[in-house]
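# Analysis of the macromolecular model
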Amino acid sequence: MPDINLNRDSEEGQSSMFPSPRRAALAGLALLVAAGALTACSSGKTTSASTGGQQATKSGPLTIAYLQKQGDQQYFVDEAAGAKAEAGKLGNVSIKVVDLGTDSNKAISAMSTEVGQQVDGIAIVVPDQKIGPQVIDAANGAKIPLVASDDPISSGSGSAAPFVGFDSVQMGTSVGQEAAKLYKQAGWTPADTKVLALYQQGLSDCQQREQGEEAGFTTGAGSLPPVVKVGTDNSVVDAQNKTAAVLTANPGVKHWVVWGCNDENETGGVTALQNHQVSPDNIIGVGLGAYLTCKDWKAGTKSGNKAALFIDGRSVGASAVQVLVDQLRNGKTLPPKTIASTAIVDSSNWQSAGVECS
C-alpha cells in the first residue's frame, strides 16, 4: 500500500530551477491551462462557486484520470482497482489510470495531456510534492476538479488541495504502539536493541509516519532504543540494500525492531536482517500496508514480520472517485480531507480483516 510519499531517491526534493525538459513541459502546461480555461467558458458548462472554480454539475458520462506514482506497487494497483470498482457502482463513469513511476516530468506531461483532453476530474498521487503548485494551477485553470490522493499537495500560496488518504501521524503512532507491545512481551531492553527506521526522508508523509512511530513506541514502552534512520526510495530492493550496509556498521546488536514508511521498507529491512543470519526471534517487524507482510503469514513461514497496519488502497481509490463524482454530478464541495480507516493485523487475523495477499 499504501505505501502513499515519496524517501525514494528519485522522488527527493528537486530544485525549483528545472532542467530544459521540465521547463518545456511547464511551458506546454501553461498553454494548456489557458486553453482549458477558454474551453470551459465556451463548452456550455457554468462555473460553480466551489473552491478552485470547478465546473458545474454534469449528468452525462464522466471520465476521471487517476495519475499515480509507482503504479506497479501493490498498494497503488489496489487503489486503481478500488477506483474502477467504485466507478462501476456509480455508473457511466470511466477511469483512466496513468502510471507516473517516480518521474515528476512525466507527471507534469500527464497533467498537460489530461487537461488537453478535458477529462472531467483528476486524482493524482504526485511523485514529488514540490510540483503541487503546477498541478493545482493546471486543474483550476481548466476548471477540472482535482483531489490529491495519498500525498498532500498545496498551491503556491500554501492552500492545500482536497485530500483523500490516511492520517500519516496516526498511522505511524499505531505502528509504534504495536511494536512497543511486542517489544515488551519479548522482554527486550534498550541495552541490546536497536530500531531500524526505513523511509523516504524527503517526503512529508514519511517524515510524519516515522515521527508517529517513535512517539507511539515511546508511549507504549516507556523508552526508545537507539534509532538507526535510513533513507530509501521506499522500495523493497533499496530498503534491503541499505539495511545490509547498516548491519555492517552496527555489529553486535542482538535485537532489531523494524518499521518504515510502507510495507516495502519494512519487509525489505526484515529480509536483509534474516539474510544476514539474524533469527526471526530477534526481529520485531511491524509493516505499514500489510499487503507484503502477509506473504510470510500466507506461506506459514517463520518470519520477523510480526504485524502490520492494514491500509486498504482500494478504499482510497474508491473514496477519491466518490468525492469527485459527488462534486461533478451533485455540486457538492470537495471535502478538505477524506481519511480512510486502518487496523493492526497479524498472522492470526489478516484474512478476516480483508487483506488481499497475492
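The rules behind these values
- Residues numbered from 1 in each chain as written.
- Predicted model: local features only at pLDDT ≥ 70, side-chain atom pairs only at ≥ 80, totals over all residues.
- Heavy atoms only, no water.
- Core = buried A, V, L, I, M, F, W, Y, C linked by side-chain atoms within 4.5 Å.
- Buried < 20%, exposed > 50% of the residue type's maximum accessible area, 1.4 Å probe, protein only.
- Disulfide = S-S within 2.5 Å.
- Helix = DSSP H or I, 4+ residues; strand = E, 2+ residues; numbered from the N terminus.
- 1 Å grid on protein atoms, 1.4 Å probe; cavity = no way out; pocket = protein on both sides within 12 Å on 5 of 7 lines; lining within 4 Å.
- Points joined across faces, edges and corners; volume = space filled by probe spheres on them.
- Nonpolar A, V, L, I, M, F, W, Y, C, P; charged D, E, K, R; others polar.
- pLDDT = per-residue confidence, 0-100.
- Contact = heavy atoms within 4.5 Å.

Attention shifts here to the nonpolar core. Core analysis: the biggest nonpolar cluster contains 47 residues, and Tyr66, Ile95, Val147, Val257 and Trp259 have the highest contact counts within it. Among the nonpolar cores identified, the runner-up in size contains 24 residues, and Val98, Ile136, Ile144 and Ala161 belong to it.

The next subject is the state of the cysteines. Enumeration over the complete set of coordinates arrives at 2 disulfides. Sulfur-sulfur distance for the disulfide between cysteine 206 and cysteine 261 comes to 2.1 Å. Its torsion about the S-S bond being -80 degrees, the disulfide of cysteine 206 and cysteine 261 is classed as left-handed. Of this pair, cysteine 206 sits in helix H6 (residues 204–221) while cysteine 261 sits in the loop between strand S8 (255–260) and helix H8 (263–275), and the two are 55 residues apart along the sequence. The burial state of cysteine 206 is the same as that of cysteine 261; both residues are buried.

Quick look at empty space enclosed by the protein now. Each pocket or cavity is described by its volume, and for the largest cavity that value is around 60 Å³. The wall of the largest cavity is formed by 12 residues, among which Asp78, Phe310, Ile311, Asp312 and Glu356 lie closest to the centre. Those elements giving two or more residues to the lining of the largest cavity turn out to be strand S10 (305–311) and helix H10 (313–330). Within the lining of the largest cavity, the residues separate by chemical class into 6 nonpolar, 2 polar and 4 charged.

Glancing now at the confidence of the model for the chain. Looking at the chain, the pLDDT average stands at 88 and 84% of residues meet or exceed 70. Long-range and interchain partners of residues 1–54, a stretch whose pLDDT sits below 50, account for 140 contacts in this model, where long-range means more than four residues apart.

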